[in-house]
Amino acid sequence: MKSVFITGASSGIGESLAYYYAKEGATVGIAARRDDRLKAVEEKVKEYGGSPVTFQLDVSNQEACKQAADQFIQQTGVIDILIANAGVGGTDKLSSGDASAINKILSINILGVTNTVIPFIPAMKKQQSGRICIISSVAGTRGLVGHGGYSSSKAAVRVLGDSWDYSLSRHNISTTVVFPGWIATEMTAKHQYKMYFLMNSNTAAGKIAQAIKIGKRKYVLPWQWRIIIPIFRILPRRLINLFSV
Ligand SMILES: NC(=O)c1ccc[n+]([C@@H]2O[C@H](COP(=O)([O-])OP(=O)(O)OC[C@H]3O[C@@H](n4cnc5c(N)ncnc54)[C@H](OP(=O)(O)O)[C@@H]3O)[C@@H](O)[C@H]2O)c1
């Protein structure tokens with residue numbers, strides 16, 4: 001039976017991925033902070049034919065992540081797919097004089113990934129197999145106005161994934177970095193502006209799972225962003241201001 005561990009499984013993309021793998025009959029490790037939401041996801045994972053293993057976990061807590069990884073591997077004996085999906089958005093609050101908001105984003109989105117992935121590496125190396133997926137963002141391809149913390153966190157995990165792939169591929173461990181555009185989740189529900197090419201999170205989960213399955217190193221979705229990103233990267237600075245959200 002396939003064994004999959006997903007952070008940020010209490011809503012959005014992570015929740016949809018949990019159901020995707022549940023339908024394949026997998027053992028699904030579901031991790032996030034909100035206990036009530038996790039319980040609801042746990043029930044649905046069972047309904048869909050999966051076996052949930054639930055962890056109330058803050059990914060910025062290194063020790064708790066290590067314990068969760070150890071417990072999951074002890075229970076399942078193997079880790080096939082690990083998805084570091086948990087993340088938060090938000091603005092830099094640049095003029096507040098207080099670095100707390102930006103530091104929280106950087107900590108959850110970057111250290112949350114290292115805390116999640118590293119504890120699973122020894123087991124993957126031992127079994128000489130495994131698929132790691134890191135959820136970055138198209139926002140990580142350039143510093144977005146007002147969202148330097150979020151953009152840089154997503155750029156950082158892209159580079160981490162790139163580097164880890166060199167070291168791990170020789171052990172038959174693939175690393176897939178995913179760059180979603182706008183996906184309809186709690187994170188985007190509050191946006192007032194028009195979100196072009198907005199994709200449903202279940203559709204996104206199916207596409208992400210497929211990219212992981214074939215060991216794609218980089219995966220951008222929806223497809224329109226594959227055309228937009230190279231243009232966005234070379235856009236003059238004065239036009240970047242148009243993307244002030
Ligand atoms: N939606 C988009 O358009 C979009 C685009 C590009 C990239 N992304 C990325 O996709 C990932 C999933 O986001 P989403 O859109 O599905 O948003 P979401 O519905 O808000 O989901 C975020 C998930 O992360 C979890 N999380 C947040 N902080 C956490 C922490 N400290 N410890 C453990 N879990 C934590 C949340 O659960 P708890 O609150 O219960 O902990 C929740 O399950 C994020 O990394 C996001 O940056 C999203």
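Rules behind the numbers
Sequence order sets the numbering: in each chain, residues are counted from 1 along the sequence as written. Two thresholds apply to this predicted model, a pLDDT of at least 70 for residue-level local features and 80 or more for giving and counting side-chain atom pairs, whereas whole-chain, interface and lining totals are computed over all residues. The basis for every side-chain value is the complete set of non-hydrogen atoms in the structure, without hydrogens or water. Helix and strand definitions here come from DSSP, where helices need a minimum of 4 consecutive H or I residues and strands a minimum of 2 consecutive E residues; each element is numbered from the N-terminal end. Helix span, expected: 1.5 Å multiplied by one less than the number of residues in the helix. Burial here depends on accessible area, computed with a 1.4 Å probe over protein chains only, as a share of the maximum for the residue type. Under 20% is buried, over 50% is exposed, and the range in between is partly exposed. Whether two residues are in contact is decided by their heavy atoms: any pair within 4.5 Å suffices. By definition, a salt bridge exists where a carboxyl oxygen of Asp or Glu is found within 4 Å of a side-chain nitrogen of Lys or Arg. Pairing of aromatic side chains here covers Phe, Tyr and the six-membered ring of Trp, requires ring centres within 6.5 Å, and sorts the geometry by plane angle: under 30 degrees stacked, over 60 edge-to-face, intermediate tilted. We call a residue near a given molecule or strand whenever any one of its heavy atoms falls within 4 Å of it. For this analysis, a polar contact is any N or O atom pair within 3.5 Å, provided that within protein one partner can donate a hydrogen and the other can accept it, and provided that sequence-adjacent residues contribute only side-chain to side-chain pairs. Residue burial considers only the protein chains on display, and all accessible areas are found by Shrake-Rupley using a 1.4 Å probe. Gly is placed with the polar residues, together with every amino acid not listed as nonpolar (Ala, Val, Leu, Ile, Met, Phe, Trp, Tyr, Cys and Pro) or charged (Asp, Glu, Lys and Arg). Any two strands are treated as partners once DSSP identifies two or more bridges connecting them.

Draft legend 1. Summary view of helix H1 (residues 12-23). With 12 residues, H1 extends 17 Å between its outermost C-alpha atoms, agreeing within 8% with the 16 Å of an ideal straight helix rising 1.5 Å per residue. Most of H1 sits inside the fold, with 10 of its 12 residues counted as buried. Listing the buried residues of H1 in full gives Gly 12, Ile 13, Gly 14, Glu 15, Ser 16, Leu 17, Ala 18, Tyr 19, Tyr 21 and Ala 22. At its buried positions, H1 is contacted by strand S1 (3-7), strand S2 (27-32), helix H2 (35-47), strand S4 (81-84), strand S7 (183-184) and helix H8 (201-213). Residue Gly 25 follows H1 closely and has a positive phi angle near 80°.

Draft legend 2. The pattern of salt bridges, seen in detail. For the coordinates displayed, the defined rule picks out nine salt bridges. In this structure, the salt-bridge partner of Glu 43 is Lys 46, at a minimum N-O distance of 3.4 Å. Here Lys 46 and Glu 43 lie together in helix H2, a separation of three residues that amounts to about one turn. With a closest N to O distance of 3.0 Å, Lys 66 and Asp 70 form a salt bridge.

Draft legend 3. Expanded view of the packing of aromatic side chains. For the structure shown, the criterion picks out 10 aromatic pairs. Pairing Phe 5 with Phe 55 gives two aromatic rings, centres 5.5 Å apart and planes at 45°, and the pair type is tilted. Of the two residues, Phe 5 sits in strand S1 while Phe 55 sits in strand S3 (residues 51-56), which places them 50 residues apart along the sequence. For the pair formed by Phe 5 and Phe 55, the shared burial category is buried.

Draft legend 4. Quick peek at the site of the ligand. Taken together, 30 residues lie near the ligand, and Arg 33, Asn 85, Tyr 150, Ile 183 and Thr 185 sit nearest. Gly 8 places a main-chain nitrogen or oxygen 3.0 Å from an oxygen atom of the ligand. Val 59 places a main-chain nitrogen or oxygen 2.9 Å from a nitrogen atom of the ligand. Burial of the ligand by the protein amounts to 95% of the accessible area it has alone, namely 880 Å². For the shell around the ligand, the secondary-structure elements that each account for two or more residues are H1, helix H6 (148-168) and helix H7 (186-189). The element best represented in the shell around the ligand is H7, accounting for three residues. Residue composition of the shell around the ligand, grouped by class: 14 nonpolar, 11 polar and five charged.

Draft legend 5. Summary view of the pairing of S4. Burial of S4 is two-sided: the residues Ile 81 and Ile 83 facing one way and the residues Leu 82 and Ala 84 facing the other way are all buried. Note: S4 against strand S5 (residues 130-135), four bridges, orientation parallel. From the neighbouring strand, Ile 83 faces S5, where its bridge partner is Cys 133.

Draft legend 6. Examining the environment of Leu 235 more closely. Structurally, the position occupied by Leu 235 is in the loop between helix H9 (224-234) and helix H10 (237-240). Residues Leu 235 and Leu 160 lie 75 residues apart in sequence; the distance between their C-alpha atoms is 25 Å.

Draft legend 7. Summary view of the side chain of His 171. You can see His 171 is positioned in the loop between H6 and strand S6 (173-180). A polar contact is formed between the side chain of His 171 and the side chain of Gln 128, at a distance of 3.1 Å. What His 171 contacts, discounting residues up to four positions off in sequence, is Lys 125, Gln 128 and Ser 129.

The values are spatial; any link to function lies outside them.
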